[in-house]
Amino acid sequence: MADKLVYKQGDTVPAGIYICIQCSQTQNTNPGFVTYDCTSKLPACPICGHTKWIKP
């Protein structure tokens, strides 16, 4: 599976770390992120509720 630039809530994604776009663009010192060990579906951000993610 090729990496996309932006993922959204409900996308099935491979293992890895995903960072919330909204939290990473605001000066938030504790940005929302999720870490998966296997293929999973992305949730809404647990910090701000935003639904778009990036994989660093």
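Overview of the structure. Bear in mind that the values here come from a model prediction, so they are computed numbers and not experimental data.

Calculation rules
- Residues numbered from 1 in each chain as written.
- Predicted model: local features only at pLDDT ≥ 70, side-chain atom pairs only at ≥ 80, totals over all residues.
- Heavy atoms only, no water.
- Buried < 20%, exposed > 50% of the residue type's maximum accessible area, 1.4 Å probe, protein only.
- Helix = DSSP H or I, 4+ residues; strand = E, 2+ residues; numbered from the N terminus.
- Pairing = 2+ DSSP bridges.
- Core = buried A, V, L, I, M, F, W, Y, C linked by side-chain atoms within 4.5 Å.
- Contact = heavy atoms within 4.5 Å.
- Salt bridge = Lys/Arg side-chain N within 4 Å of Asp/Glu carboxyl O.
- Phe/Tyr/Trp six-rings, centres within 6.5 Å; stacked < 30°, edge-to-face > 60°.

It is worth spelling out the pairing of strand 4 (residues 33–36) at this point. Within a regular beta strand, the side chains point alternately toward one face of the sheet and then the other, so they alternate between its two faces. Taking every second residue as pointing to the same face, the buried face of strand 4 carries Val34 and Tyr36, while none of Phe33 and Thr35 on the other face is buried. The sheet contact formed by strand 3 (residues 16–20) and strand 4 spans four bridges and is antiparallel. Its bridge partner lying in strand 4, Tyr18 is registered against Val34.

Here we have four strands laid out as an open sheet, ordered 1-6-3-4, and antiparallel in their pairing. Unpaired on one side and paired on the other, strand 1 (7–8) and strand 4 mark the two borders of the sheet.

Counting residues in each nonpolar core, the largest one holds ten residues, listed as Tyr7, Val13, Tyr18, Cys20, Cys23, Val34, Tyr36, Leu42, Cys45 and Trp53. Only strand 3 and strand 4 provide two or more residues apiece to this core. If we skip the residues at most four places from it in the chain, Val13 touches Tyr7, Tyr18, Tyr36, Cys38, Thr39, Ser40 and Leu42.

Next up on the list: the pattern of salt bridges. Considering all chains together, one arrives at one salt bridge under this definition. We note a salt bridge from Lys8 to Asp11, for which the minimum N-O separation is 3.6 Å.

In total, this model carries two aromatic pairs according to the counting rule given. Consider the rings of Tyr7 and Tyr18, whose centres lie 5.4 Å apart with planes at 85 degrees: the pair is edge-to-face. In this pair, Tyr7 sits in strand 1 while Tyr18 sits in strand 3, placing the two residues eleven residues apart along the sequence. Take Tyr7 and Tyr18: they sit in the same class, and that class is buried.

No statement about biological role is implied by the geometric values presented.
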